[in-house]
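Chain residues, written in single-letter form:
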Amino acid sequence: MQPSSPSPSAFSRRSVLAGAAAIAGTTAAVAPAPRAEAAPDAPPPASSGEARRHTGTVVFRDVRLLGARDATDLVVVDGRVSRGPAPRGAKVVQGGGRIALPSLVDAHIHPDKTTWGGSWVSRRPASGIADYVAQDVDLFHGQRRSVAERAYGLMSHAVTRGTRAMRAHADVAPAYGLAGVEGVAEARKRLRHALDVQGVAFPQHGVVRTPGTAELLEEAARSGAVDMIGGIDPGGFDQAPEEQLDLVFGIAERHGIGVDIHLHDRGAKGIDAMRGIIDRTRALSLHGKVTVSHVFCLPGLEDGELDSVAADLAALDIALTTVAPSDSLVLPIARLREHGVRVGLGSDGVRDSWSPFGNADMLHRAHLLGWVTDVRLDEELTDCYRVAAHGGADVMGLPHADLRPGAPADFVLVRGECLPQVVVDMPGRDLVVHGGIVVARDGEFTAGDGRPGR
């Protein structure tokens, strides 16, 4: 059984995504982009997972790695999984026979827009993307909490659900200036012990159609507050495909940062945009620094055309992300993986003006990926988890937290029988560990030393 499609008359985030071109008129590694020299007070760069605190030795006793039948001790030395036995006197954390699983990576989320943790917001009808954008502005100005506070609340909640890293998109537009970018950067700084974050300056209102946005993107890149510059539907929404792509790629090249473009357009308009992205990536030698998100033009392609696009993506190390919105719009992850293209999974918006739904829980997103693709075999369910754990890590240029010796000690402990059952039942995350430090326990965020987070 699969979820039913919305009626033709319904208008929602899902229908916007499904028909973006009409109304708007698993895994290719993306290494962290070299950063332009930042201002002295700029936030720290996104962690690559290599800079771990010296935390000594911790033994997580009686855990079942990846759902194995027999329990063992997981030894962590200075934030990394160790092969050898623990020395005497090491700190011990009891696992109680729980399953140890790699922490998850949210490759596409919008924490600046969220109302998470605040009062309920009643959403108004909308008849197009322009209406949603206008409601974004109204919601922004109607919030009593700052972007930093709201983003921190959502991002710390994501940690309690087992997220180790995320790529966070923040709106940049004249209506906000750089408030979204600065708020997410502040939340990132507060959470640096628990979460690796890459920031994207995202022009939700368009790059060309909204004067002043290109200058703000340039300012965001110059400040060092973001790792990537975004774009949105160069043809369908901005209606200036060449100009938008030239502006976005030009900023990225000048400041030595990456590109992550939202592409909802389908059909020829979407493929034309993809070709423009591919051509500029090749011309500017931005191999490994470009991501395209959503990419609704790919699922409907015939095999031969998909193979051709996938080969170009793999050759240029262009990554893709999907949020698995429906069976017809989720990326063909297995086919892309055959070509060497790496694909990450993300949450997208969470309780924003577009939709009351979303929870920043990447285990739930892995569950949804299995649901919309109608999987049923154990290996298929396990692969949904791998996409959520390792696919996003590849997109962000992070090492896999695969519990092997030398891997980052980023993992969750859950009660369950096996990994496929965990994907289906989504048990609570009893313990979340980042770099060998317990950062959440029983759904509550901690300060990294067992104390409640603030």
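Residues numbered from 1 in each chain as written. Predicted model: local features only at pLDDT ≥ 70, side-chain atom pairs only at ≥ 80, totals over all residues. Heavy atoms only, no water.

**Digging into the overall build of the protein chain**
Defined as follows: Segments assigned H or I by DSSP are reported as helices when at least four residues long, segments assigned E as strands when at least two residues long, and all are numbered from the N terminus. Partly exposed residues are those whose accessible area sits between 20% and 50% of the maximum for their type, while under 20% is buried and over 50% is exposed, using a 1.4 Å probe and protein chains only.
Helices and strands together make up the secondary structure of the protein chain, namely 13 helices and 17 strands. Classification of the 454 residues of the protein chain by burial places 57% in the buried group.

**Concerning the pattern of salt bridges**
Applicable threshold: Salt bridges are defined as contacts in which a side-chain nitrogen from Lys or Arg sits within 4 Å of a carboxyl oxygen from Asp or Glu.
Under the defined criterion, the tally for this structure stands at 23 salt bridges. Asp-410 is the partner of Arg-164 in a salt bridge, and the nearest nitrogen-oxygen pair spans 3.0 Å. With a gap of 246 residues between them, Arg-164 in strand β7 (residues 163–171) and Asp-410 in the loop between α12 (378–396) and β14 (411–414) connect regions that are remote in the sequence. The pair Arg-164 / Asp-410 is uniform in exposure class, with both members buried. The closest approach of N and O atoms between Arg-335 and Asp-307, which form a salt bridge, is 2.5 Å. Here Arg-335, found in helix α10 (residues 333–338), pairs with Asp-307, found in helix α9 (residues 303–316); they are 28 residues apart in sequence, far enough to count as distant. Judged by its relative accessible area of 26%, Asp-307 falls in the partly exposed class. Bridged by salt links that share partners, the residues Asp-303, Asp-307, Arg-335 and Glu-338 form one connected network.

**Digging into helix α4 (residues 147–160)**
Under the convention used in this document: In this scheme, a helix's expected span is set at 1.5 Å multiplied by one less than its residue total.
When the terminal C-alpha atoms of α4 are compared, their 20 Å separation across 14 residues agrees well with the 20 Å that a helix rising 1.5 Å per residue should span. Counting buried positions along α4 yields 12 of 14 residues, so the element is predominantly enclosed. Every buried residue of α4 is listed here: Val-147, Ala-148, Arg-150, Ala-151, Tyr-152, Leu-154, Met-155, Ser-156, His-157, Ala-158, Val-159 and Thr-160. Gly-162, located one to two residues past α4, shows a positive phi value of around 100°.

**Concerning the packing of aromatic side chains**
To keep it simple, the criterion reads: The criterion for an aromatic pair is that two Phe, Tyr or Trp rings (for Trp, the six-membered ring) have centres within 6.5 Å, with stacked assigned to planes under 30 degrees apart, edge-to-face to planes over 60 apart and tilted to the rest. A ring is scored as having a charge over it whenever the NZ atom of a lysine or the CZ atom of an arginine sits within 6 Å of its centre and within 35 degrees of its normal.
All told, the structure shown has four aromatic pairs when counted by the stated rule. Look at Phe-60 and Phe-411: their rings are 4.9 Å apart centre to centre, the planes differ by 90°, and that puts the pair in the edge-to-face class. Here the residue Phe-60 occupies a position in strand β1 (residues 57–65), and Phe-411 occupies one in strand β14, the gap between them amounting to 351 residues. Using a relative accessible area of 0% as the deciding quantity, one classes Phe-411 as buried. On the numbers, 6.4 Å between centres and 85° between planes, the contact of Tyr-152 with Phe-445 is edge-to-face. In this pair, Tyr-152 sits in helix α4 while Phe-445 sits in strand β17 (residues 444–445), placing the two residues 293 residues apart along the sequence. Per residue, the accessibility class of Tyr-152 equals that of Phe-445, and both read buried. Above the plane of the ring of Trp-120 lies Arg-123, whose end atom (NZ or CZ) is 5.3 Å from the centre. Across the ring face of Phe-237, the terminal group of Arg-209 is positioned such that the distance to the ring centre comes to 4.2 Å.

**Observations regarding the pairing of β7**
Our working rule: Between any two strands, pairing holds if DSSP finds at least two bridges.
Within β7, nine of the nine residues are buried, which leaves it mostly tucked inside the rest of the structure. The pairing of strand β6 (residues 104–109) with β7 spans four bridges and is classified as parallel. Counterpart to Val-105 in the pairing with β7 is Ala-165. Across seven bridges, the pairing between β7 and strand β8 (residues 196–202) is parallel. Residue pairing across strands places Ala-165 opposite Asp-196, the latter belonging to β8.

**Things to note about the environment of Gly-340**
The residue Gly-340 is located in the loop between α10 and β13 (343–345) in this model. By relative accessible area, Gly-340 is classed as partly exposed at 35%. With 29 residues separating them in the primary sequence, Gly-340 and Ala-311 have C-alpha atoms 8.1 Å apart.

**Thoughts on helix α11 (residues 362–372)**
All buried positions along α11 are accounted for by Met-362, Leu-363, Arg-365, Ala-366, Leu-369, Gly-370 and Val-372. Taken from the residues just after α11, Asp-374 is the one with a positive phi, measuring 60°.

**Examining the environment of Gln-94**
For Gln-94, the location among the structural elements is in strand β4 (residues 91–94). Sequence spacing of Gln-94 and Val-59 is 35 residues, and the spatial spacing of their C-alpha atoms is 8.3 Å.

**Some words on empty space enclosed by the protein**
Keep this limit in mind: The distinction between a cavity and a pocket rests on a 1 Å grid over the protein atoms alone: a 1.4 Å probe fits inside a cavity but cannot get out, while a pocket stays open yet meets protein on both sides within 12 Å along at least five of seven lines, and a residue with an atom within 4 Å of a point counts as lining. Grid points are joined across faces, edges and corners, and a volume is the space filled by probe spheres set on the points.
Estimated volume of the second largest cavity: approximately 120 Å³. What lines the second largest cavity is Asp-112, Lys-113, Asp-136, Leu-139, Phe-140, Val-147, Arg-150, Asp-171, Tyr-176, Gly-180, Asp-352 and Ser-353. Broken down by secondary-structure element, the contributors of at least two residues to the lining of the second largest cavity are α3 (129–142) and α4. Of all the elements, α3 adds the most residues to the lining of the second largest cavity, at three residues.

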